[in-house]
Amino acid sequence: MSEQVAEHSSEDFVLTKEKLMGSPSRWRRLGVPVAAGERTHDDGTPDYGLFGPSSVVWKVILHPATIIYQTVAQFSMQLMYKPIVAGVRDADPLATKVRAGTLTAFDSFERFQRNSGLHAPMWLGDTRSAETIWAHLHALHAHVKGGLIDVGQPELGKYHADGPRDVMWAALTEMMGMLWMYENFAWHGDTPPQQLPDDERDQYVAESAEYLRLVGAQEEEIPQTMADVDALFDKYQEMFKKTDTMNIMPDSGKDFAALAQQQIQKNWHPTQQMAVDVLDEFFNKPTNLVIASYPTYLQIWGAGWDEAKRAEMAENLKKAQPEIRERQESPDVERRAIDLFWGPDAHELISSARALLKEAA
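Parameters at a glance
Within each chain, residue numbers correspond to sequence positions counted from 1 in written order. Per-residue local features of the predicted model are confined to residues with pLDDT of at least 70, and side-chain atom pairs are confined, for both listing and counting, to 80 or more; whole-chain, interface and lining totals are unaffected and use all residues. For the side-chain quantities, the full set of heavy atoms in the structure was used; hydrogens and water were omitted. Every axis in this analysis is a line fitted to C-alpha atoms, fitted for helices over the stretch in contact. Angles between the N-to-C directions lie between 0 and 180 degrees. Counting from the N terminus, the helices are the DSSP runs of H or I reaching at least four residues and the strands are the DSSP runs of E reaching at least two. Working rule for handedness: look at the near helix, and if it is turned counterclockwise from the far one by less than a right angle, call the crossing left-handed; if clockwise, right-handed. Residue contacts are defined here by distance: any two heavy atoms, one from each residue, within 4.5 Å place the two residues in contact. Basically, the charged four are Asp, Glu, Lys and Arg, the nonpolar ten are Ala, Val, Leu, Ile, Met, Phe, Trp, Tyr, Cys and Pro, and anything else, Gly included, counts as polar. Oblique is the label for any angle not under 35 degrees, not over 145, and not in the 65 to 115 range, which are roughly parallel, roughly antiparallel and roughly perpendicular in turn. Each residue is assigned to one of three classes by its accessible area relative to the maximum for its type, calculated with a 1.4 Å probe on protein chains only: buried under 20%, partly exposed between the two thresholds, exposed over 50%.

Asker: Break down the packing of helix H3 (residues 64–78) against helix H12 (residues 273–291) for me, citing the residues and quoting the values.
Answerer: How two helices pack is summed up by the angle between their axes together with the distance between the axes. The interhelical angle for the contact between H3 and H12, taken along N-to-C directions, is 65°, at an axis separation of 9 Å. In terms of crossing hand, the pair formed by H3 and H12 is right-handed. Along the contact surface, H3 presents Ile68, Tyr69, Val72, Ala73, Phe75 and Ser76, while H12 presents Phe282, Phe283, Pro286, Thr287, Val290 and Ile291. Of the residues assigned to the contact of H3 with H12, the class counts are ten nonpolar, two polar and no charged.

Asker: Report on unusual backbone geometry, specifying residues and quantitative values.
Answerer: Positioned with a positive phi, Leu30 is a non-glycine residue whose angle comes to about 60°. Note on placement: Leu30 falls in the loop between helix H1 (17–21) and helix H2 (56–61).

Asker: Quick one: what's the story with the packing of helix H5 (residues 93–100) against helix H6 (residues 105–124), residue by residue and with numbers?
Answerer: Where H5 contacts H6, the two axes come as close as 10 Å, and the packing angle between them is 175°. The angle between the axes of H5 and H6 places the two elements in the roughly antiparallel class. Residues Pro93, Leu94 and Lys97 of H5 form the contact with H6, whose own contacting residues are Asp107, Ser108, Arg111 and Arg114. Of the residues contributing to the contact of H5 with H6, the split by class is two nonpolar, one polar and four charged.

Asker: Can you lay out helix H4 (residues 82–91) for me, pointing to particular residues and giving the numbers?
Answerer: A large share of H4 lies buried, amounting to eight of its ten residues. Among the residues making up H4, those that are buried are Lys82, Pro83, Ile84, Val85, Ala86, Gly87, Val88 and Arg89. Tucked inside the fold, the buried residues of H4 contact H3, H5, strand E2 (159–160), helix H8 (164–185) and helix H11 (256–266).

Written out as structure tokens, the structure is:
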């Protein structure tokens, strides 16, 4: 595929605050989602969607730490899974902009920005809302497929974002990223973050199975316990191991990540600093801290950290706890995180689900 690079002036890349924040359409798909519990099943019982107020999943997702760090928790792990990286590199809207030479810092930010809000109806909406969003994502990802995951490892084969293996890992990395981050970031008053009891961890995995079924994972691969999760990561470990060739675009032989950075610099306008500042605060700064919350095998495979690096990052996570606590205890920080990364509809979804969770407790 040849690159069609258009000519633009710096004024074409002016970023306004209104564009940065976005309208509901940035997150909303196929209508306003209905919060869990606001409709009923045919038998008259409340429709709580995939999870509901008695679930460990809601306990994890609805904590302020998860609301603030969900985006970085998800992408930090998903960008270790090679088929997802390949899909972004080859067929994502970012790839289209890179090939056109128009990528900006805002484009990179906006790709991260809309993720949490797009998923919120599947986690916090009723069944119809969850199914509606998945139908949209299913159609959106149908074309995201290619014959080469990594040019340096052709034996890894093909990828298909809408195929059963890759949809399973897209969903599982979302769920496990949130759990492991929660266990290392979520303060409960004066009680510091701590691992959930084993039975609650297994319950979280078993509840997540409903989400994996929704997206089309093969039933025989869907984990039910934390031991199953570890075994599944071990089975697919080659898909997570970092290589120097992962970002090479098969069609041109160019490095996607390097080309993206060059274009962000080339297409720079001072107003783009707004997007950079938000990315730094909510993504770049906490990324290594979040990775430090993941199991050792992912730190080795996906991040390429040796023993010394792992020890350093673990110490950094420990030192960062006062700031982590301060941020999640600030209503202003959480509200800004929702405004920026979850979108207007999610305010209602989160508020409604928290009310149900409090009532159930």
